[in-house]
Amino acid sequence: MQESAYFDKYNPIGGVWDEMYGLDSNVREHYRKVIEYISKESADDLNKKEELAKRLFMSQGITFTVYNSGEGIEKIFPFDIIPRIITASEWAFVEKGIKQRLTALNLFLKDIYHNQFIVKDGIVPIDIIYSCPHFLREMYELKVPYDIYVHISGIDLIRDEDGTFYVLEDNLRTPSGVSYMLENREITKRLFPDLLPQCGVRSVTEYPTILYKNLMALSPRQISNPTVVLLSPGIYNSAYFEHTTLARLMGVELVEGRDLVVNNHKVYMKTTTGLQQVDVIYRRVDDEYLDPLVFNPESMLGVAGIMGAYRKGNVAIVNAVGTGVADDKAVYVYVPEMIRYYLNEEPILKNVPTHQLGNADEREHVFKNLNKMVVKKTNGSGGYGMLMGHAASEQEIDDYKKEILKDPRNFIAQPTISLSAAPCYMQGSLKPRRIDLRPYALYGPDGIEIVPGGLTRVALKEGSLVVNSSQGGGSKDTWVLA
Amino acid sequence: MLSRVAASFYWLSRYIERSDGMLRMLKINYASSQDTVQEFTWEPVIRIFAGINGAEIEKLENDSRSVLKYMVTGKNNPNSILNIITLARENARGVQEHIPKDLWQCLNEYYHTVKDARLERSLQREDPIGVLDILIKQVMLYYGTAEITMERGEGRSFMNIGKYLERAIQSVDILDTKFSSISENPDLLTDTTYWKHLLLSLGGYELYLKTYREGFEAENVLEQVALNNDFPRSVIYSVNNIHRYFDRLKNDSNVDTFREMSFQIGRLQSRIKYSSVKSIRTDGLHGFLTQTRNELHGIGNSLNEYYFANS
């Protein structure tokens, strides 16, 4: 192999799909240019690039704060300099699959908050819906603009050992991380000059423009310049950087709950010249905290009366309230059925086989095979409260079983899926590490648009299958080739 | 502009100005503590800037290093430099998309300098004046950066109103404390170092020497600190600037509230402008300062109600 010392020393993980390393022990065609480019660089140069990336993140304040013993420590989200590359045909497949899935999920939300045909026809059992904490009766019969509930989604995809894409989770509430898609690309431009155009990488910069266009279109008032705001929980939120970035890129006001007030079922923001009516709210505050009069009365993050204004149709809220019922992990099991039911199509993207522990037979099966399973809470996120069967001790498994038996409805189990691997630059050489993919889909009155790219999260610890940033994960720039 | 954003500008600026006043005060008082045969008391400084009660002051007042620790890096003192700069930075963070990047970085650096454990160590073991100078330089950098980079709009007006309001209140407090000490200890009236240090801590020493040829007199100090239009830390200079920057809000304001506040500021401004040392003496200095302080707080309260929507 003449290609590269970095490549020659690369040891792919057995039985795992490798994004770069082909079956014939060669570099896959779409990775070839990148490997050629970096083989011209010494390990020293690459180390310098890695340093530069860190410095750029730090000086721009692209940090999140970890609170430890009362003092905030600012950290950067680890970034691996080697891009993750997706071919045009892979992307076309993913794009089609996500559009189909999102269309069905959105129809499901409209149905479940209106006539509930899918329940009456016996496709989805009623107890799954009513036992979901994110199913909100407050949304019943509430008409949302254009019948769109999920304006922004970040569906998590993974690939098994033969490269097949699976949907791991549908994130339909307030998915985060899109600022990293944008910032990672800006950093790559600096790290590898000229490489992006040489490889024919599609641009992601349209994201804020499309999002802003969609938000404007939702305005309940027919005026030329509606007021769009981004509602953030404030500076202590770990995603605050993302909120300021998006607000700046779209040129909209960044507000907190205390900046808004409701009068006569209309939402206003408090300005130095008095109250100004707000038409569209892109909120990054969870449903539970949105309105203390309707949901959690302790909430200081929300706005009292906002649900009343929403119900009257005087303000648009993005994403719609109550979308969590569709990304509940117990409801996830029924998504392929939903696609057949609403669209009369076969699902393009597969679900990971999932056992509901609320079902006694399945629970017994799972308990017998716990060492080959991953058990998750149905409404958990961020990689917290998971049991990775293959890595857990006897004691941990026993404790977890007790936890499950307290309320089996809240748990699901999936066979351990072997996530695909991609090369990461680590101290002078390339090492395979496990990755996933989160493309961001924007659903507006003109249909669904997916910016060609997304967030690739990577489990930086050797052998780890958990990519969440809270569990030692990092990210990569994600390239979609033209 | 969002009310919260305006309030953040205002408070950010008040905290910075407070830290500046405090640092200069601490520096001069420390120097003066090295220059006396009697036991030096920090009581007035603590009273002006910390707002703690008699017993707590007594514990600290004669130990310079403890006072410096409490006032600069004290975690339990809500008004320590560390805590107010943390608050200033939080205010800036909440309006990050409204301030120039340079200014944010400058403030960030100030914050990291105060938070650095080495600073606390040097403050205890090395020359405190050197340490205080490092911090004073950070404030000057901040003011320079703000001057060069800040957009000349509504935000800057709120910043400057905050800055001069804080400065006016400080000058009033300092005068009040220093002159009330005289009534307890009349010897101070003729103590030249007492007045010299007061002027030094306000940066008004050189101006005083040029203006008054007859040595240090209490009435002259009062005239300079309260009524001298050219002295940047005088009460009248600060109030003139509050008026000047408030006036710029005219186009961005609701007509009624603007008129009301304009009246409030104008009344205070004229009262000070048409005062003389003699008239202040006749009416009583303490009364004059108390009324001025109340009216300054009144302006703060009106801003809070009319512009920051915190009624």
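Every value quoted in this text rests on a predicted model; they were computed, and no experiment measured them.

### Remarks on the packing of helix H13 (residues 235-247) of chain B against helix H14 (residues 255-273) of chain B
Residue and element names in this part refer to chain B.
Point 1. Between H13 and H14, whose axes approach to 10 Å, the crossing angle comes to 155 degrees. Accordingly, the angle class assigned to the pair H13 and H14 is roughly antiparallel. Crossing handedness for the pair H13 and H14: left-handed. Contacts between H13 and H14 involve Val-235, Ile-236, Val-239, Asn-240, Ile-242, His-243 and Phe-246 from the first element and Met-261, Ser-262, Ile-265, Gly-266, Leu-268, Gln-269, Ile-272 and Lys-273 from the second.
Point 2. Split by residue class, the contact of H13 with H14 holds 9 nonpolar, 5 polar and 1 charged.

### Observations regarding the pairing of strand S6 (residues 165-169) of chain A
Residues and elements named next belong to chain A.
Point 1. For strand S5 (residues 156-159) and S6, the ladder comprises 4 bridges, and the chain directions are antiparallel. Note on S6: the bridge partner recorded for Leu-157 is Val-167.
Point 2. As consecutive antiparallel partners, S5 and S6 are separated by 5 residues, and within that stretch Gly-163 has a phi angle of approximately 90 degrees, a positive value.
Point 3. The sheet contact formed by S6 and strand S14 (residues 350-351) spans 2 bridges and is parallel.

### Side note on the interface of chain B and chain A
Point 1. Between chain B and chain A, the residue contacts involve 16 residues of the former and 16 residues of the latter.
Point 2. Among the secondary structure elements, those contributing two or more residues to the side of chain B that touches chain A are helix H1 (3-33) and helix H5 (81-93) of chain B.
Point 3. Its residues assigned to classes, the side of chain B that touches chain A comprises 5 nonpolar, 5 polar and 6 charged.

### Let's talk about the packing of helix H2 (residues 43-50) of chain B against helix H9 (residues 154-184) of chain B
All names here are of chain B.
Point 1. With their axes 10 Å apart at the nearest point, H2 and H9 run at an angle of 145 degrees to one another. Viewed along their axes, H2 and H9 form a crossing whose handedness is right-handed. Between H2, through Pro-44, Arg-47 and Ile-48, and H9, the contact on the second element is made entirely by Asp-173, Ile-174, Thr-177, Lys-178 and Ser-181.
Point 2. Residues belonging to the contact of H2 with H9 are distributed by class as follows: 3 nonpolar, 2 polar and 3 charged.

### Considering the sheet that holds strand S18 (residues 411-415) of chain A
In sheet architecture, strand pairing relies on hydrogen bonds along the backbone and comes in two forms, parallel and antiparallel.
All names here are of chain A.
Point 1. If you trace the 4 strands from one edge of the open sheet to the other, you get S15-S18-S16-S17, paired in antiparallel fashion. Strand pairing shows two members of the sheet lacking a second neighbour, strand S15 (355-356) and strand S17 (387-388), which therefore form its edges.
Point 2. Where strand S16 (residues 373-377) meets S18, 5 bridges bridge the pair, whose relative direction is antiparallel. The partner of Lys-376 across the bridge, within S18, is Ile-412.

### Things to note about the pairing of S16 of chain A
The side chains of a regular strand alternate between both faces of the sheet.
Residue and element names in this part refer to chain A.
Point 1. Most of S16 is tucked away, with 4 of its 5 residues classed as buried.
Point 2. Of the strand pairs in this sheet, S16 and S17 are connected by 2 bridges, and their pairing is antiparallel. The residue bridging Val-374 from the neighbouring strand is Met-388, located in S17.

### Description of the sheet that holds strand S3 (residues 79-86) of chain A
All names here are of chain A.
Point 1. Spatial strand order, S3-S24-S23: 3 strands in an open sheet with mixed pairing. Each edge of the sheet is formed by a strand with only one pairing partner; in this case those strands are S3 and strand S23 (456-459). Here the strands of the sheet are splayed against their neighbours by 40 degrees on average, with no regard to which way each runs.
Point 2. The sheet contact formed by S3 and strand S24 (residues 473-480) spans 5 bridges and is parallel. Among the inter-strand pairings, Phe-79 is bridged to a residue of S24, identified as Ser-475.

### What about the nonpolar core?
Point 1. Leu-105 of chain A together with Ala-6, Met-71 and Ile-81 of chain B are the most contacted members of the largest nonpolar core, which totals 214 residues.
Point 2. At 15 residues, the largest contribution of residues to this core is made by H1 of chain B.
Point 3. Counting contributing residues per domain, this core is built from domain 1 (1-150) and domain 2 (153-311) of chain B, each supplying no fewer than three.

### Describing unusual backbone geometry
All names here are of chain A.
Point 1. A cis geometry characterises the amide bond from Val-318 onward to Asn-319, with omega recorded as -15 degrees.
Point 2. The phi dihedral of Ser-25 is positive, around 60 degrees, even though this residue is not glycine.
Point 3. Its place among the elements puts Ser-25 in the loop between helix H1 (5-8) and helix H2 (32-39).
Point 4. The exposed category is assigned to Ser-25, around which 8 C-beta atoms lie within 10 Å.
Point 5. Of note in the backbone geometry, Gln-116 takes a positive phi value of approximately 60 degrees without being a glycine.
Point 6. For Gln-116, the position within the fold is in the loop between helix H4 (88-112) and helix H5 (117-120).

Thresholds, definitions, all that
Residues numbered from 1 in each chain as written. Chains lettered and ligands numbered in written order. Predicted model: local features only at pLDDT ≥ 70, side-chain atom pairs only at ≥ 80, totals over all residues. Axes fitted to C-alpha atoms, helices over the stretch in contact; angles between N-to-C directions. Helix = DSSP H or I, 4+ residues; strand = E, 2+ residues; numbered from the N terminus. Parallel < 35°, antiparallel > 145°, perpendicular 65-115°, else oblique. Left-handed = near helix turned anticlockwise from the far one by under 90°. Contact = placed C-beta atoms within 7 Å. Nonpolar A, V, L, I, M, F, W, Y, C, P; charged D, E, K, R; others polar. Pairing = 2+ DSSP bridges. Buried ≥ 20, exposed ≤ 12 C-beta atoms within 10 Å, placed from the backbone. Core = buried A, V, L, I, M, F, W, Y, C linked by C-beta atoms within 7 Å. Domains from an automatic or database assignment.

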